[in-house]
Amino acid sequence: MFRKIFTVIFVLIMIVLLTGVTQAQTTKKSGVKYPAFSITPLFGIQFPMGNVNNIYSPSWNAGVDLNLRLNRETAFFLGATYLAMPRKTDYVPAGPDASYVIIQAGPRYMFGGTQVKAMFFLEGGIGAYIFSQKEFTVAGTTTGTPATVIPSKSTTNFGVNAGIGVLIPLGTSMDFVVKSKVHYVMGGGDATTIIVANAGLNFMF
């Protein structure tokens, strides 16, 4: 499954690059500098939903997006995000904290009037969701049962996501970005839904 996910992402990246070259050739005569590359460090908070919310608390996340803008309306992104998933202290039985590492890619569609500098966008992605649990020690009992160490583990599943955001220009080469997405992780018996909100700076090259 892991290899298949990255094969899909690799094919998507190649399509993006080939499309970008074609777009650059078709817009060169008009003076538009496409394709345009940018990098976006992001930081924010996520909210586990459903049964996952019973086990894990909302927490922080951080990541980075690499963006290829083909024209005024269309772009593609490749991103990596780390989601901290601390276990709720009142959840029984006690267990380890966890985390997600998300590697995703997908298209972005931007829209806005010519008189408005800010650009709203819709984006959707597919990718690998790597779930990791830390090592955890179950305390022994007063009756003589010894402590038990539960080893750390990691699983990878396929997931999809979609969301909305806005780009607010701060200059000729930097934007302020705010976005929110819903992530749907498949596999592992039960699907997992997480709402992620981010803000960051988009640096253009």
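The structure presented is a predicted model; accordingly, all values stated were derived computationally and were not measured. (Residues numbered from 1 in each chain as written. Predicted model: local features only at pLDDT ≥ 70, side-chain atom pairs only at ≥ 80, totals over all residues. Heavy atoms only, no water.)

S.K.: Help me understand the overall build of the protein in this model?
M.R.: Looking only at helices and strands, the protein has two helices and ten strands in total. Written out in order from the N terminus, the α and β elements of the protein read α-β-α-β-β-β-β-β-β-β-β-β. Sorting the 205 residues of the protein into buried and exposed places 37% on the buried side. With an accessible surface of roughly 11,500 Å², the protein has 67% of that area assigned to carbon and sulfur atoms. (Helix = DSSP H or I, 4+ residues; strand = E, 2+ residues; numbered from the N terminus. Buried < 20%, exposed > 50% of the residue type's maximum accessible area, 1.4 Å probe, protein only. Areas by Shrake-Rupley, 256 points an atom, 1.4 Å probe, with all protein chains shown as cover.)

S.K.: Just to check I follow, could you spell out the sheet that holds strand β8 (residues 153–169) for this structure?
M.R.: Note: strands within a sheet are paired through backbone hydrogen bonds, in either parallel or antiparallel orientation. Spatial strand order, β1-β2-β3-β4-β5-β8-β9-β10: eight strands in a closed barrel with antiparallel pairing. Mean inter-strand twist for the sheet, computed between neighbouring axes without regard to direction, equals 25°. Where strand β1 (residues 36–48) and strand β2 (residues 59–69) come together, eleven bridges link them in antiparallel fashion. Note that in β2 the partner of F37 across the bridge is L68. (Pairing = 2+ DSSP bridges. Axes fitted to C-alpha atoms, helices over the stretch in contact; angles between N-to-C directions.)

S.K.: Help me understand the confidence of the model for the protein, please; the structure alone is not making it clear to me.
M.R.: Reading predicted coordinates in detail is not appropriate for stretches of low pLDDT. The pLDDT averaged across the protein works out to 83; a share of 79% of its residues lies at or above 70. Between residues 16–32, whose pLDDT stays under 50, and residues either more than four places distant or in other chains, the model counts 13 contacts. (pLDDT = per-residue confidence, 0-100. Contact = heavy atoms within 4.5 Å.)

S.K.: Looking at this structure, how should I read a nonpolar patch on the surface?
M.R.: Judged by side-chain polarity, F37, I168, L170, F176, V178, L201, F203 and F205 come together as a nonpolar surface patch covering roughly 720 Å² of accessible area. For the nonpolar patch, the elements supplying multiple residues, two or more each, are β9 (174–185) and β10 (192–204). On the secondary structure map, I168 appears in strand β8. Overall, I168 belongs to the partly exposed group, its relative accessible area being 35%. (Patch = residues over 30% accessible without salt bridge, like charges linked within 9 Å, V, L, I, M, F, W, Y side chains within 5 Å. Salt bridge = Lys/Arg side-chain N within 4 Å of Asp/Glu carboxyl O.)

S.K.: Honestly, the packing of aromatic side chains in this entry has me stumped. Any pointers?
M.R.: Between two aromatic rings, the relevant description is the distance of the centres plus the angle of the planes. A complete count under the given rule lists seven aromatic pairs for this structure. Ring geometry for Y109 versus F111: centroids 6.2 Å apart, planes at 25°, classification stacked. For Y109, a relative accessible area of 45% puts it in the partly exposed group. By relative accessible area, which is 34% here, F111 ends up partly exposed. Cluster of aromatic residues (ring-pair linked, three or more members): Y56, Y100, Y129 and F131. The side chain of R108 reaches across the aromatic face of F121, ending 4.4 Å from its centre. Against the face of F77 rests K179, its NZ or CZ located 5.5 Å from the ring centre. (Phe/Tyr/Trp six-rings, centres within 6.5 Å; stacked < 30°, edge-to-face > 60°. Lys NZ or Arg CZ within 6 Å of the ring centre and 35° of its normal.)

S.K.: Can you walk me through the pattern of salt bridges in this structure?
M.R.: Should the charged atoms of two oppositely charged side chains come close, the side chains can pair. What the rule picks out here adds up to five salt bridges. The closest approach of N and O atoms between R108 and D65, which form a salt bridge, is 4.0 Å. Of this pair, R108 sits in strand β4 (residues 98–111) while D65 sits in strand β2, and the two are 43 residues apart along the sequence. D65 shares its class with R108; the two are buried. Connected through salt bridges with shared partners, the residues D65, R108, E123, K179 and K181 form a single ionic network.

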